[in-house]
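Reading the structure
Okay, here's what each chain looks like letter by letter:
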Amino acid sequence: MGYRVLGLSEDIFRGYGPRKGLEGPFVYGNGRVLYYDPKAGQYWDPATDFYVEQAEMDQLHQYTLDRL
């Protein structure tokens, strides 16, 4: 499996670096930055400090796939 960079600016990553215990940061097609928490098995949004519901993650993944 591979990945594709969707013309994202380095400005999006400003302030979002590696965090202990989390994977990422992952930037989605709409510009949202999320981290994956393997212990919780969920994505975490640092902007809101909440985990993202699975239904919302499905929408984000679909949005990203539609842009490919």
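See the structure printed just above.
Residues numbered from 1 in each chain as written. Predicted model: local features only at pLDDT ≥ 70, side-chain atom pairs only at ≥ 80, totals over all residues. Heavy atoms only, no water.

1. Some remarks on the side chain of D45
Structurally, the position occupied by D45 is in strand β3 (residues 42–45). At 2.9 Å, the side chain of D45 forms a polar contact with the backbone nitrogen of A47. Aside from chain neighbours lying at most four places away, what touches D45 is R32, V33, L34, F50 and V52. (Helix = DSSP H or I, 4+ residues; strand = E, 2+ residues; numbered from the N terminus. Polar contact = N/O pair within 3.5 Å; in protein donor to acceptor, adjacent residues only side chain to side chain. Contact = heavy atoms within 4.5 Å.)

2. Concerning the environment of M57
Mapping M57 onto the fold places it in helix α1 (residues 54–67). When its relative accessible area of 1% is taken as the criterion, M57 is described as buried. Taking the C-alpha atoms as reference, M57 lies 9.2 Å from Q42; in sequence the two are 15 residues apart. With residues near it in sequence (within four places) discarded, M57 still touches Y28, L34, Y43 and V52. (Buried < 20%, exposed > 50% of the residue type's maximum accessible area, 1.4 Å probe, protein only.)

Function-wise, these values are silent; they only describe arrangement.
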